[in-house]
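Here is what each chain is made of, one letter per residue.
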Amino acid sequence: MKRNADKNADEDVNGGEHEDVQDGVNDGHPDERGTPIGRRVFLGTLGLGALGVVAAPKLQRGLEGFLGGTADKDPTGLTGLLPNGGGFRYYSVASSVPRKNADTYRLKVDGLVDHPATYTLADLRALPQTRMVRDVQCVTGWRVPHTPFEGVRLARLLDEAGVRPGAKAIRFTCFDGTYSESLTLDQARRADVLVALRMQDKDLGHSHGGPVRLYVAPMYFYKSAKWLSGITVTDDVEPGYWEERGYDVDAWVGRSNGRDDDPTS
Amino acid sequence: MTPPADTTAAVRRFSRAERWVHRTTAVLMGVCVLTAACLYVPQLAELVGRRALVVTLHEWAGLALPVPVLAGLASRALRADLRRLNRFGPHDRTWLRAALHRDKRHASRPAGKFNAGQKIYAAWIAGATLVMLGTGLIMWFTHLTPLVWRTSATFVHDWLALTIGIVLAGHIGMALADPESRRGMRTGTVSREWANREHTLWRP
């Protein structure tokens, strides 16, 4: 009843000339009265959204388990498009990334080393290869279980170059022209850090950072720089692209970035 | 000065302000959806790259998304339609039951200016937009909240985005299937014949 009173008041003010004059005529019409269900749906949606944020960690784990399993058996690949639907996501920070192949690809090792070197893809393939199968964990939440990576241990390249005393860290650069990463020398010498040439038992494709990417098994996947083109030994850690934008430099899975994922290595 | 109902071929459905609110909201929503696709669909992400630029576009379009409706609150016609969208009468229950049973006969689908489906869509998309805005802000201003919030917000943002995409496709699909309803949103007027048929209880 109160509403009708308001409406009549509106009408008085407008002297009945307004285009909505018919509203007054319609008072008492079913279109104008009834339960305020619209408001309830609106507030309910907001409430569900808030509840979703609170319950997200639990929901996410459940869905990942389910969708991760389904994605492996899904021939259409559609589950890969679902949020956290298993599988990799393509992230590039550059406008376009040049393609490199066996003829054009070069990996440069320089900085505080005795023997700076440039490797071709064939050079890298000729070195001893290490294959590891671990989970891949992205800091945004997606995880790809049991992913084989294969390549040359980074420690091997560092040994060949001869790291000078006083060196403390490595800076990685990429042929996308933008991305960079970093590791301390101790981290870089771990056995589970590779200069990867193959992933999922295939040569690394362009979209996965091929022909050569870094693979830092125990850390969040942003450390595993794609399209690796430069390894520079430095005297201090220079934070990489995402680390300049707030992510942790020491990105151990489950022990950094405020996350508690299961370790990957 | 409402003209006698029977002599006019066209009836007014939306005011100029309402149509502009719809238009600008649609454009902003379109930018949000397209940029989201470029961030999430691997093939598009690969094609477009420029992640930082696409993210900026997405953030600002999302932030601006509620502005047209808020500005539109200055319009009496829009406020009146919001009241209509809010209120559900017994006929809306009948309409929903018919929709659930896929009963397409007009007699089974009584509707005022807006049918029950349009009312639910309006309320839901408004709520969903604000949830997207809230979770989006948490993801944007990461230093304001603990990181676990960011991850949770990302989770809700992702799944709700997918849901909105599907519902929005339905909204657009239904508009494509009904030229006269599109004309109503484009020009502001619809034929009386259409109004009587589709919105039997509406007394324009």
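For the structure itself, consult the block above.
Keep in mind the model is a prediction, meaning the values are calculated, not measured.

### Focus: unusual backbone geometry
A cis amide bond links A:Gly210 to the next residue, A:Pro211, at an omega of 5°. The phi dihedral of A:Trp227 is positive, around 50°, even though this residue is not glycine. Look at B:Arg102: it is not a glycine, yet its phi comes out positive at around 55°. Looking at the secondary structure, you find B:Arg102 in the loop between α6 (90-100) and α7 (116-140). Taking the relative accessible area as the measure of exposure, B:Arg102 reaches 67% and is therefore exposed.

### Some remarks on helix α5 (residues 76-86) of chain B
Here α5(B) has its buried residues at B:Ala77, B:Leu78, B:Ala80, B:Asp81, B:Arg84, B:Leu85 and B:Asn86. At the N-terminal boundary of α5(B), the capping side chain belongs to B:Ser75, with an oxygen 3.3 Å from the backbone nitrogen of B:Ala77.

### Quick word on the nonpolar core
One recurring pattern in soluble globular proteins is that nonpolar side chains are buried together. Counting 59 residues, the largest nonpolar core has A:Leu107, A:Leu124, A:Leu154, A:Leu157, A:Leu158, A:Leu228 and A:Ile231 as the members making the most contacts within it. Considering every element that reaches this core, the biggest residue donor is strand β7 (residues 193-199) of chain A, with 6 residues. When neighbours within four sequence positions are excluded, A:Ile231 is seen to be in contact with A:Leu107, A:Lys108, A:Val109, A:Asp110, A:Leu154, A:Leu157, A:Leu158, A:Ile170, A:Arg171, A:Phe172 and A:Val195. Grouped together as the second largest cluster of nonpolar side chains are 18 residues, A:Val53, B:Ala61, B:Val156 and B:Leu168 included.

### Points about a nonpolar patch on the surface
Residue and element names in this part refer to chain B. On the surface, Leu70, Leu73 and Leu82 cluster together into a nonpolar patch covering about 260 Å² of accessible area. Mapped onto the fold, leucine 73 is located in the loop between α4 (67-72) and α5. In this structure leucine 73 comes out as partly exposed when scored by relative accessible area, which is 35%.

Quick notes on the rules
- Residues numbered from 1 in each chain as written.
- Chains lettered and ligands numbered in written order.
- Predicted model: local features only at pLDDT ≥ 70, side-chain atom pairs only at ≥ 80, totals over all residues.
- Heavy atoms only, no water.
- Helix = DSSP H or I, 4+ residues; strand = E, 2+ residues; numbered from the N terminus.
- Buried < 20%, exposed > 50% of the residue type's maximum accessible area, 1.4 Å probe, protein only.
- Polar contact = N/O pair within 3.5 Å; in protein donor to acceptor, adjacent residues only side chain to side chain.
- Core = buried A, V, L, I, M, F, W, Y, C linked by side-chain atoms within 4.5 Å.
- Contact = heavy atoms within 4.5 Å.
- Patch = residues over 30% accessible without salt bridge, like charges linked within 9 Å, V, L, I, M, F, W, Y side chains within 5 Å.
- Areas by Shrake-Rupley, 256 points an atom, 1.4 Å probe, with all protein chains shown as cover.
- Salt bridge = Lys/Arg side-chain N within 4 Å of Asp/Glu carboxyl O.

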